Amino acid sequence: MRKKSMQQQLIDTARALVAPGKGILAADESTGTITKRLDSIGVESTEANRQAYRDLLFTTEGAEAFVSGVILFEETLFQSGLDGTPFTDLLTGKGVIPGIKVDKGAKPLAGSPDEKITEGLDGLRERLADYAKAGARFAKWRAVITIGDGIPTDYCIDTNAHALARYAALCQEAGIVPIVEPEVLMDGPHDIHRCEAVTERTLARVFDELLAQQVLLEGMLLKPNMVISGTECPQQAGVDEVAATTLRCLRRHVPAAVPGIVFLSGGQSDELATRHLNAMNQHGDAPWTLSFSYGRALQAPALAAWSGKSDNVPAAQQAYYRRARCNGAAARGQYTDAMEQDAA
Ligand code: 13P
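Model, not experiment: these values are computed from the prediction.

## Considerations on the nonpolar core
By size, the foremost hydrophobic cluster in this structure holds 89 residues, and its most contacted members are Phe58, Tyr167 and Leu210. When residues no more than four places from it in sequence are discounted, the contact partners of Leu210 are Ala165, Ala168, Val180, Val215, Leu217 and Met220. If you look at the next biggest cluster of nonpolar residues, it comprises 15 residues, including Leu10, Ala14, Ile71 and Leu221.

As structure tokens, then:
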């Protein structure tokens, strides 16, 4: 009986995260990554500045109509907003589900130094218990697959798939919904067909491992890359081709039992990430909900508008709200060009 109610809780949370017209804000940049983002706007990466920036995002009025959950970095999970309210309470109060990035980053893979393996399994069971106590109801683990000469190797795909499934199984044991993120990077001159082939190989192995390790597919979400041309590919596939190819690839490898697929943006421009998601939803017959779990594509205009100045907070919040609204519409296949012009 107990087991069943835990399963139902996982299923309910996974479904709530992909409620119609809603997606996830990935604001879980590690200290190293957020430092790079803040550097880019000339702001020093102090704990106070990181707090002010996350506060700006999380207090944006009305964004909760389009944002079901927010992925936090550990520092933020245990932090409070500028008015002293713990961030988890602030989010929960708006009906937004707090999540937590639990991996410890992608490190060079032994014996294949141009590839990466994500670390963080040791002690994960204990950390998950602490995160659950702090209010996290879902988690994220990102594996990185690089396309290049002779890579990815099966070795890299296998070890990352194994780790993703170990993470997912531990999350579910703790009552936390795992977001399984195998990211095939878009860097490089490869074309969309190569991206499709590598994404297919990766997803096939990931779902083999998830099933072998008894992960409840109904109680997880997949966070994949879109199938897209490499950034330096001279022949960039258009929006319709990206949508059709991504859908074909996912249909071949993602069981219909998975309730939702929430894409990463991976370095796409914010508008393009919205257009791609919208085009996929306009096809209309996918067995899973297709939505977003964007980091850069939701935050980039807000970060630029803020520039570390409190006077700019309203403009930054307006920029974030606009991206959230546009992506919420794209999650329903109802995004229009006019929405880019609308004021908040
Ligand atoms: P991007 O959308 O910027 O790729 O970030 C999503 C994410 O959470 C990467 O792990």
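## Quick notes on empty space enclosed by the protein
Scanning the model with the defined rule gives 2 cavities of 30 Å³ or more in all. Of the volumes computed, that of the largest cavity is approximately 70 Å³. If you go around the largest cavity, the residues you meet are Leu25, Leu57, Phe58, Thr60, Ala63, Glu64, Val67, Val70, Leu91, Lys94, Val96 and Tyr320. Where the lining of the largest cavity is concerned, the elements lending two or more residues are α3 (47-58) and β2 (67-72).

## What to know about the pairing of strand β7 (residues 177-184)
Most of β7 sits inside the fold, with 8 of its 8 residues counted as buried. Sheet topology note: the strand β6 (residues 138-145)/β7 ladder contains 8 bridges and is parallel. From the neighbouring strand, Val144 faces β7, where its bridge partner is Glu183. Handedness of the crossover joining β6 and β7 through helix α7 (residues 154-173): right-handed. Bridge count for β7 against strand β8 (residues 221-222) is 2 bridges, and the pairing is parallel. Across the sheet, the residue bridging to Val180 is Leu222, located in β8. For the handedness criterion, the β-α-β arrangement of β7, helix α8 (residues 192-212) and β8 is classed as right-handed.

## Some thoughts on unusual backbone geometry
The omega angle of the peptide bond from Ile151 to Pro152 is 10 degrees, so this bond is cis rather than trans. On the secondary structure map, Pro152 appears in the loop between β6 and α7. Not every positive phi belongs to a glycine, and Gln214 is a case in point at roughly 60 degrees. Within the element layout of this structure, Gln214 appears in the loop between α8 and β8. We note that Ser307 has phi near 50 degrees; this positive angle belongs to a residue other than glycine. If you trace the backbone, Ser307 turns up in the loop between α11 (296-306) and α12 (313-330). You can call Ser307 partly exposed: its relative accessible area is 25%.

## Quick notes on the site of the ligand
Taken together, 13 residues form the shell around the ligand, and within it Lys140, Lys223, Ser265, Gly266 and Arg296 come nearest. Interatomic distance of 2.5 Å between a side-chain N/O atom of Ser265 and an oxygen atom of the ligand. At a separation of 2.7 Å, an oxygen atom of the ligand approaches a polar backbone atom of Gly266. Within the complex, 92% of the 300 Å² of free accessible area of the ligand lies under protein. Mapping the ligand onto the cavity grids shows that it belongs to the largest pocket. Taken together, the elements giving at least two residues each to the shell around the ligand come down to β6 and β10 (289-294). Along the lines of polarity and charge, the residues of the shell around the ligand split into 3 nonpolar, 4 polar and 6 charged.

## Quick look at the layout of surface pockets
Within this model, the largest pocket holds a volume of roughly 730 Å³. In terms of lining, the largest pocket is formed by 30 residues, of which the most central are Thr33, Arg37, Arg142, Glu183 and Arg296. Within the residue set of the lining of the largest pocket, elements represented by two or more residues are α2 (31-39), β5 (112-118), β6 and β7. Residues of the lining of the largest pocket, tallied by class, amount to 6 nonpolar, 9 polar and 15 charged.

Cut-offs used in this document
- Residues numbered from 1 in each chain as written.
- Predicted model: local features only at pLDDT ≥ 70, side-chain atom pairs only at ≥ 80, totals over all residues.
- Heavy atoms only, no water.
- Core = buried A, V, L, I, M, F, W, Y, C linked by side-chain atoms within 4.5 Å.
- Buried < 20%, exposed > 50% of the residue type's maximum accessible area, 1.4 Å probe, protein only.
- Contact = heavy atoms within 4.5 Å.
- 1 Å grid on protein atoms, 1.4 Å probe; cavity = no way out; pocket = protein on both sides within 12 Å on 5 of 7 lines; lining within 4 Å.
- Points joined across faces, edges and corners; volume = space filled by probe spheres on them.
- Helix = DSSP H or I, 4+ residues; strand = E, 2+ residues; numbered from the N terminus.
- Pairing = 2+ DSSP bridges.
- Right-handed = clockwise from strand over helix to strand, strands pointing away.
- Near = heavy atom within 4 Å.
- Polar contact = N/O pair within 3.5 Å; in protein donor to acceptor, adjacent residues only side chain to side chain.
- Areas by Shrake-Rupley, 256 points an atom, 1.4 Å probe, with all protein chains shown as cover.
- Sits in = over half its atoms within 2 Å of the grid points.
- Nonpolar A, V, L, I, M, F, W, Y, C, P; charged D, E, K, R; others polar.

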